[in-house]
Amino acid sequence: MSTPTPSANPVAASWDQALASRTSLLPLYAIGFGLTVALSFAMSRLLTGFSFVFGLEPSTLVWIPVIVVIGLLMAWYRVHLLLAIARHRAHQALPTPMESLRRVPQLLIAGILAVGFVAGPLIVLMVASALFSLAVGAQEALPMQEIMLEQAGSPGARLGSLFQGVLGLFLMIAGLVWAVYASLRISQASPLVIVDSQKGLAALKQSWAMTPGRLWYIFSWGIVLAICFFLLGIVAGVIDSFLAALLPVFVSLGLASGLLTGFLITPWTSFFTLEIFDYVKHKAAESTPNPSNNV
């Protein structure tokens, strides 16, 4: 699949591509808008029947399966949108809905493996950190007489307590660092499954092999994109509040947020994901030795 040369500024490049595609992919964006508004309405109906004292009213329980169905449709839509945008950028025929649906099982497998891979060491380190912190807290809770006796019998008790506290903090920081690092290393697994039709486990392995040396690029531009979306979200919230003041039904629909999400944020995110993916794959191919050059 031929793709454009990746840009050094994926935020600007994906923004330009999202705007340029608004005509050819407008029907697809409209589906995302409809699903977003439908989910907003269903969630508002469910929350209106919720009480911290009495729980959910029986009449509102019908909205739970509706929300689940809409959520599943939105998950499929994001897969279909990413594949459609990849085909659109490569000037190829757009995928059929079933073609995108067939990628969902491997995407779920990759997601489950990714969660276990990231969360497993994180949980172990966090539990160890909590145990060290509890041990220090238990020592601090001893009566003053026992502390004095302990210090008299063991001059290094305070030093040991300090060491346990520092070790607990170190383990917690190590867990957070691992979670960020591992997430960045396997961040390209989803586009590998969706765009390149990789199997779940193979996509995780290939993403791990592709990303060394590109982690700061992925992380920093992701932060820039998140800031842009945050600012756009503030604008959408102000518009939604204004519409709600004019007509209360707009409170449950969230039209401004739906328009922003369906026609801008979701397409922009998809183009950004592909820009990052193409850049990482391009750089990984450049750094891989070509066997023909050694002949």
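Computed from a predicted structure; not experimentally measured. (Residues numbered from 1 in each chain as written. Predicted model: local features only at pLDDT ≥ 70, side-chain atom pairs only at ≥ 80, totals over all residues. Heavy atoms only, no water.)

### A short note on the packing of aromatic side chains
Aromatic rings considered in pairs are described by the distance between their centres and by the relative angle of their planes. Keep this limit in mind: Pairing of aromatic side chains here covers Phe, Tyr and the six-membered ring of Trp, requires ring centres within 6.5 Å, and sorts the geometry by plane angle: under 30 degrees stacked, over 60 edge-to-face, intermediate tilted. In this text, helices come from DSSP runs of H or I with a minimum length of four residues, and strands from runs of E with a minimum of two, each type numbered from the N-terminal end. Partly exposed describes any residue whose relative accessible area lies between the buried limit of under 20% and the exposed limit of over 50%, with all areas from a 1.4 Å probe on protein chains only and scaled to the type maximum.
Enumeration over the complete set of coordinates arrives at eight aromatic pairs. With a centroid separation of 5.6 Å and an interplanar angle of 40 degrees, the aromatic rings of Phe33 and Phe263 are classed as tilted. In this pair, Phe33 is assigned in helix α2 (residues 26-48) and Phe263 in helix α12 (residues 255-287), connecting sequence segments 230 residues apart. Residue Phe263 is classed as partly exposed on the basis of its relative accessible area, which comes to 29%.

### A word on the packing of helix α1 (residues 10-20) against α12
The cut-off we apply is this: For helices, the axis comes from a line fit to the C-alpha atoms of the stretch in contact; other axes are also lines fit to C-alpha atoms, and the angle between any two N-to-C directions lies between 0 and 180 degrees. Angles are sorted into four bins: roughly parallel if under 35 degrees, roughly antiparallel if over 145, roughly perpendicular if 65 to 115, and oblique for all others. Crossing handedness is read from the near helix: turned anticlockwise from the far helix by less than a right angle, it gives a left-handed crossing, and turned clockwise, a right-handed one. Whether two residues are in contact is decided by their heavy atoms: any pair within 4.5 Å suffices.
The contact between α1 and α12 brings their axes to 8 Å, and the two run at 130 degrees. Looking at the two axes, α1 sits oblique to α12. Handedness of the crossing formed by α1 with α12: right-handed. Along its contact with α1, which presents Pro10, Val11, Ala13, Ser14, Trp15, Gln17 and Ala18, the element α12 presents Leu264, Pro267, Trp268, Phe271, Phe272, Glu275 and Ile276.

### A closer look at the side chain of Asp278
The condition that has to hold: In the analysis that follows, any N or O atom pair within 3.5 Å is treated as a polar contact, provided that within protein one partner can donate a hydrogen and the other can accept it, and provided that, for residues neighboring in sequence, both atoms belong to side chains.
Relative to the helices and strands, Asp278 is located in helix α12. For Asp278, the side chain forms a polar contact with the side chain of Arg89, separated by 2.8 Å.

### A short note on unusual backbone geometry
Across the chain, the bulk of peptide bonds are trans and the bulk of non-glycine residues have phi less than zero. If you check the backbone angles, His91 has positive phi at about 60 degrees while not being a glycine. Within the secondary structure layout, His91 lies in the loop between α3 (63-89) and α4 (97-101). Overall, His91 belongs to the exposed group, its relative accessible area being 75%. Phi is positive for Ser197, close to 60 degrees, though the residue is something other than glycine. Turning to its location among the elements, Ser197 is positioned in the loop between α8 (189-194) and α9 (200-210).

Just distances and angles here, no functional claims.
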